[in-house]
Amino acid sequence: MSTSKPVLLSGIQPSGQLTLGNYIGAIRNWVDLQADYDCIFLLVDLHAITVRQDPAVLRQRCRDFLSLYIACGIDPEKNLLCAQSHVAGHSQLAWILDCYTMVGELNRMTQFKDKSAKHADNINAGLYNYPVLMAADILIYDTQLVPVGNDQKQHLELARDVAQRFNFAHKEEVFRIPEPFIPPVGARIMGLQNPEAKMSKSDDNEGNGIYLLDEPKKIAKKIKRAVTDSGSEVRAADDKPGVTNLLNIMAAVTGRSIEDLEADYGDSGYGRFKGDVADAVVAFMEPMQARYRALQDDPAYLDGILARSAEQAN
Ligand code: ATP
Ligand code: LTN
């Protein structure tokens, strides 16, 4: 990693199974932006333990996610691919930033409210302080750009506020104020069965998500069974959340615009459209999955990437 370019940082929790939503909202943009920045892509395992984890499973999942980052097109030679827990500075800075974060700010975080409702038996302090550790991940590297999906916008605004408060208190530009990068299309991919809620990697309803490691046949089946809306027109609209979501997915994996897709599929009915969405998703997935399988055969290579990246990050 050179030091001449601006820094880009992002991360994903190694929990559940990576979805097409994670790819479209986050990883795809990392791939597109990696040439122009010094990039750090994190496996945020310390964030993942806000929910109970089996240590061996968590360690293996870090390798699996790392393989998927690479299979999706992240270059491990040019970027740092780190486990968050391998770089102690993240948690050290988090404590300092805790002292510059207001309880009132944390109380407003919607992810905390959602996760507390989902894990009512384990509302721990880590879940509450989660956004402060995320702020530390970002601020410790003088990060300029943070590509994330729409659901992380609130956390990023908090990181900016805390950085500004710290700089103001000490009358010095200690932290660079990071900018979000939220993609214009696909920042919020919705569940296939419930297009009112975002597709999420720890969803209990398996049919709701397309997982990056789903077999092609399964992907096609899930897309064909996706909830669509009344009427038959293929058009993006607020009263058509199911069709709009499939349009966003197809636009993201093919690079075509929504307008172009609407012009092509407008009156052709949902059947043909869904078949083509499934084909487009599978065409993206198959070569990516083959690259993933090849990487899985070499755990020493993966552990080497993590060790080398952590050393440089430290
Ligand atoms: P979990 O269900 O385990 O909380 P998640 O699927 O919400 O996980 P995160 O680890 O919270 O995933 O998010 C990783 C990245 O993927 C973030 O940048 C987030 O904004 C993005 N992302 C997550 N879900 C979606 C989605 N449905 N659409 C677009 N981007 C998403
Ligand atoms: N909270 C994020 C994951 C995350 C992150 C980060 C994203 C942790 N640290 C730093 C961007 C930058 C999420 O997606 N749940």
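Residues numbered from 1 in each chain as written. Chains lettered and ligands numbered in written order. Predicted model: local features only at pLDDT ≥ 70, side-chain atom pairs only at ≥ 80, totals over all residues. Heavy atoms only, no water.

**Student:** Would you mind going over the site of ligand 1 in detail, with residue names and values included?
**Tutor:** Taken together, 21 residues are adjacent to ligand 1, and K115, D151, K198, S200 and S202 come closest. For ligand 1, an oxygen atom lies 3.1 Å from a polar atom in the side chain of S15. Examining the composition of the shell around ligand 1, we find that four residues originate from one element, helix α1 (residues 20–33), more than from any other. Split into classes, the residues belonging to the shell around ligand 1 amount to six nonpolar, 10 polar and five charged. (Near = heavy atom within 4 Å. Polar contact = N/O pair within 3.5 Å; in protein donor to acceptor, adjacent residues only side chain to side chain. Helix = DSSP H or I, 4+ residues; strand = E, 2+ residues; numbered from the N terminus. Nonpolar A, V, L, I, M, F, W, Y, C, P; charged D, E, K, R; others polar.)

**Student:** Outline the packing of aromatic side chains, supporting the account with residue identities and numerical values.
**Tutor:** Applying the stated rule across the entire model yields seven aromatic pairs. When the centroid spacing of 5.0 Å and the interplanar angle of 65 degrees are considered together, the rings of F166 and F175 count as edge-to-face. F166 gets classed as buried once you look at its relative accessible area, which sits at 11%. Under the relative-accessibility criterion, F175 is labelled buried at 8%. (Phe/Tyr/Trp six-rings, centres within 6.5 Å; stacked < 30°, edge-to-face > 60°. Buried < 20%, exposed > 50% of the residue type's maximum accessible area, 1.4 Å probe, protein only.)

**Student:** Please provide a residue-by-residue account of the packing of helix α3 (residues 55–71) against helix α13 (residues 299–313), values included.
**Tutor:** It is at 10 Å that the axes of α3 and α13 come closest, and there the two elements cross at 85 degrees. By the angle between their axes, α3 is roughly perpendicular relative to α13. Residue-level inspection shows R63, L66, S67 and I70 of α3 in contact with α13, the latter providing P299, L302, D303, I305 and L306. Among the residues making up the contact of α3 with α13, the classes are represented as six nonpolar, one polar and two charged. (Axes fitted to C-alpha atoms, helices over the stretch in contact; angles between N-to-C directions. Parallel < 35°, antiparallel > 145°, perpendicular 65-115°, else oblique. Contact = heavy atoms within 4.5 Å.)

**Student:** Lay out helix α8 (residues 153–170) in plain terms, naming residues and giving numbers.
**Tutor:** The first and last C-alpha atoms of α8 sit 26 Å apart over 18 residues, in line with the 26 Å expected at 1.5 Å per residue. Residues of α8 that are buried include every one of H155, L156, L158, A159, V162, A163, F166 and N167, and no others. Angularly, the buried residues of α8 cover 165 degrees about the axis, an arc narrow enough to put them on a single face. The secondary structure elements touched by the buried residues of α8 are α4 (89–98), α5 (103–107), α6 (110–118), α7 (125–139), β4 (145–147) and β5 (179–181). K171 sits one or two residues past α8 and shows a positive phi near 50 degrees. (Expected span 1.5 Å × (residues − 1). Arc of directions from axis to C-beta.)

**Student:** Tell me what's going on with the pairing of strand β1 (residues 7–12), and back it up with residues and numbers.
**Tutor:** Most of β1 sits inside the fold, with five of its six residues counted as buried. Of the strand pairs in this sheet, β1 and strand β2 (residues 38–43) are connected by six bridges, and their pairing is parallel. Its bridge partner being in β2, L9 is matched across the sheet by I40. Handedness of the β-α-β unit built from β1, α1 and β2 comes out right-handed. (Pairing = 2+ DSSP bridges. Right-handed = clockwise from strand over helix to strand, strands pointing away.)

**Student:** I'd like to hear about the nonpolar core, residue by residue, with values.
**Tutor:** L20 and V281 are the most contacted members of the largest nonpolar core, which has 61 residues in total. When residues of this core are assigned to their parent elements, the largest contribution, 12 residues, is made by helix α12 (residues 270–296). The contact partners of V281, leaving out residues within four places of it in the chain, are L20, I210, I219, I223, I249 and V253. Counting residues in hydrophobic clusters, the runner-up holds 37 residues, among them Y128, V132, M134 and A135. (Core = buried A, V, L, I, M, F, W, Y, C linked by side-chain atoms within 4.5 Å.)

**Student:** Explain the pattern of salt bridges to me, using residue names and the numbers behind them.
**Tutor:** Counting across every chain of the model gives 12 salt bridges. Here D151 and K198 are joined by a salt bridge, their closest N and O atoms 3.3 Å apart. Of this pair, D151 sits in the loop between β4 and α8 while K198 sits in the loop between β5 and α9 (216–224), and the two are 47 residues apart along the sequence. Overlapping salt bridges bring together E206, D214, K218 and K222 as one network. (Salt bridge = Lys/Arg side-chain N within 4 Å of Asp/Glu carboxyl O.)

**Student:** How would you sum up α7? Please name residues and give values.
**Tutor:** Taking 1.5 Å of rise per residue, 15 residues should cover 21 Å, and α7 covers 21 Å from first to last C-alpha, within 8% of that figure. The largest bend in α7 comes to about 40 degrees, at P131. Most of α7 is tucked away, with 12 of its 15 residues classed as buried. Listed in full, the buried residues belonging to α7 are L127, Y128, Y130, P131, V132, L133, M134, A135, A136, D137, I138 and L139. Sitting at the amino-terminal end of α7 is N124, which places a side-chain oxygen 3.0 Å from the backbone nitrogen of G126. (Bend = angle between axes of the 7 residues up to and from the residue.)

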